Amino acid sequence: MKLYDIPKGSKSRIISDAITPPESPKLNQEDILIFDHLDGMYSYCINLKGEIVHLAGWTEVEIVK
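Keep in mind the model is a prediction, meaning the values are calculated, not measured.

Undergrad: How do you make sense of the overall build of the protein chain when you look at a structure like this?
TA: Summing up its helical and strand segments, the protein chain has zero helices and five strands in all. Its C-alpha atoms give the protein chain a radius of gyration of 10 Å, near enough to 11 Å, the size a compact globule of 65 residues would have. Based on the C-alpha atoms only, the size of the protein chain along its principal axes is roughly 30 × 25 × 20 Å. Across the 65 residues in the protein chain, those meeting the buried criterion constitute 35%. When contacts within the protein chain are restricted to residue pairs at least 6 apart in sequence, long-range pairs at least 24 apart make up 50% of them. Looking at charge distribution, the protein chain has the averaged site of its 7 positive side-chain charges lying 5 Å from that of its 10 negative ones.

Here is the structure:
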């Protein structure tokens, strides 16, 4: 499922190549993020370390419990 299809506050795992804006921290497959919202073509998410990260909205993810 695409990141833009999951509900706000969902915890998700990246299952495809992670596309991020230039100069942002790189993300990898299997990273787990908490989705907040989209801001243009990128998302506003928080990783498990509590850092804000931006992932392309069309990235394939799966919701984890």
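Undergrad: Any chance you could explain a nonpolar patch on the surface here in plain terms?
TA: Taken together, Tyr4, Ile19, Leu38, Met41 and Trp58 make up a surface patch of nonpolar side chains, about 470 Å² in accessible area. Mapped onto the elements, Trp58 comes out in the loop between strand S4 (52–53) and strand S5 (61–63). Using a relative accessible area of 38% as the deciding quantity, one classes Trp58 as partly exposed.

Undergrad: What am I meant to see in the environment of Asp17 here?
TA: The topology assignment puts Asp17 in the loop between strand S1 (11–14) and strand S2 (32–39). C-alpha of Asp17 to C-alpha of Val61: the two residues are 44 residues apart in sequence and 10.0 Å apart in space. Residue contacts for Asp17: discarding those within four places in its chain leaves Gln29 and Thr59.

Undergrad: How do you make sense of the side chain of Ser12 when you look at a structure like this?
TA: Residue position: Ser12 is located in strand S1. Residue classification places Ser12 among the buried positions, given a relative accessible area of 3%. In this view, Ser12 contacts Leu3, Ile6, Asp31, Ile32, Leu33, Val61, Glu62, Ile63 and Val64; residues no more than four positions away in its chain are not counted.

What counts and what doesn't
Residues numbered from 1 in each chain as written. Predicted model: local features only at pLDDT ≥ 70, side-chain atom pairs only at ≥ 80, totals over all residues. Heavy atoms only, no water. Helix = DSSP H or I, 4+ residues; strand = E, 2+ residues; numbered from the N terminus. Rg over C-alpha atoms; globule rule 2.2 N^0.38 Å. Buried < 20%, exposed > 50% of the residue type's maximum accessible area, 1.4 Å probe, protein only. Contact = heavy atoms within 4.5 Å. Lys, Arg positive; Asp, Glu negative; His and termini not counted. Charge placed at Lys NZ, Arg CZ, Asp CG, Glu CD. Patch = residues over 30% accessible without salt bridge, like charges linked within 9 Å, V, L, I, M, F, W, Y side chains within 5 Å. Areas by Shrake-Rupley, 256 points an atom, 1.4 Å probe, with all protein chains shown as cover. Salt bridge = Lys/Arg side-chain N within 4 Å of Asp/Glu carboxyl O.

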